[in-house]
Amino acid sequence: MAAEADASGLGSGGGPGVGAEAGPARELLADGLLELLRPAVGEVDQQVQSVRESQLELREQIDLLAAELCRINEDQKVSLDLDPYVKKLLNARRRVVLVNNILQNAQERLRRLNHNVAKETARRKAFLESGMVFPGSPSK
């Protein structure tokens, strides 16, 4: 029903006054949403970066441990079967690398989103400061 009201309001020929009154409220709402999202995007980006750094450190530690286990296995006079443990470590390392790649892709998307939010906010502020009527839909 709300979609019908929007469609009928836009197509009813209500004149320029209807669109002009809805424009500033819509712009205020859009600006508020952009400003609301910006800190959240920044915080998530920071957390993703922290997790990525932690994952890189974990991967390095797994590599060191696997190398140390191989060295111990070679140095022992009594044959210890450490191969299953080394394989488990290498499997864990593979999973850490996979998660790190996923986090890297998510972080890149967040950076692009943050950039687009900043660009859109700057564009809207420029329109508002110049006194021009802001178009209803963003251009691409």
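What you see is a predicted model; the values in this text were computed from it and never measured.

Participant: Lay out the pattern of salt bridges with the relevant residues and their values.
Facilitator: This model, assessed by the stated rule, comprises seven salt bridges. As a salt-bridge pair, Glu120 and Arg123 come within 2.9 Å of each other at their nearest N and O atoms. Pair noted here: Glu120 and Arg123 are both in helix α3 (residues 83–130), with a separation of three residues, about one helical turn. In this structure, Arg124 engages Glu120 in a salt bridge whose closest nitrogen and oxygen atoms are separated by 2.8 Å. Pair noted here: Arg124 and Glu120 are both in helix α3, with a separation of four residues, about one helical turn. Its relative accessible area of 11% is what places Arg124 among the buried residues. In this structure Glu120 comes out as buried when scored by relative accessible area, which is 16%.

Participant: Describe in detail the nonpolar core, supporting the description with residues and values.
Facilitator: Membership of the largest hydrophobic core is limited to seven residues, which are Ile62, Ala66, Leu69, Leu82, Val86, Leu89 and Val96. Residue assignment for this core shows that the elements contributing at least two residues are α2 (16–75) and α3. Beyond its immediate chain neighbours, meaning those up to four positions away, Val96 contacts Gln55, Leu58, Arg59 and Ile62.

Participant: So, the environment of Leu128: which residues are in play, and what are the values?
Facilitator: Position of Leu128 relative to the elements: it lies in helix α3. Separated by 101 residues in the primary sequence, Leu128 and Glu27 place their C-alpha atoms 9.2 Å from one another.

Participant: Before we move on, could you go through the side chain of Arg52 and cite the residues and values that matter?
Facilitator: Mapping Arg52 onto the fold places it in helix α2. Buried charged residue Arg52 carries no salt bridge. Nearest counter-charge: Asp45, at 7.4 Å. A distance of 2.6 Å separates polar atoms of two side chains, one belonging to Arg52 and the other to Gln107. Not counting residues within four places of it along the chain, the set of residues in contact with Arg52 comprises Asn100, Leu103, Gln104 and Gln107.

Participant: For the environment of Lys87, give the residues involved together with the corresponding values.
Facilitator: Structurally, Lys87 can be placed in helix α3. Distance from Lys87 to Ala66, taken between C-alpha atoms, is 8.6 Å for residues 21 residues apart in sequence.

What counts and what doesn't
- Residues numbered from 1 in each chain as written.
- Predicted model: local features only at pLDDT ≥ 70, side-chain atom pairs only at ≥ 80, totals over all residues.
- Heavy atoms only, no water.
- Salt bridge = Lys/Arg side-chain N within 4 Å of Asp/Glu carboxyl O.
- Helix = DSSP H or I, 4+ residues; strand = E, 2+ residues; numbered from the N terminus.
- Buried < 20%, exposed > 50% of the residue type's maximum accessible area, 1.4 Å probe, protein only.
- Core = buried A, V, L, I, M, F, W, Y, C linked by side-chain atoms within 4.5 Å.
- Contact = heavy atoms within 4.5 Å.
- Lys, Arg positive; Asp, Glu negative; His and termini not counted.
- Polar contact = N/O pair within 3.5 Å; in protein donor to acceptor, adjacent residues only side chain to side chain.

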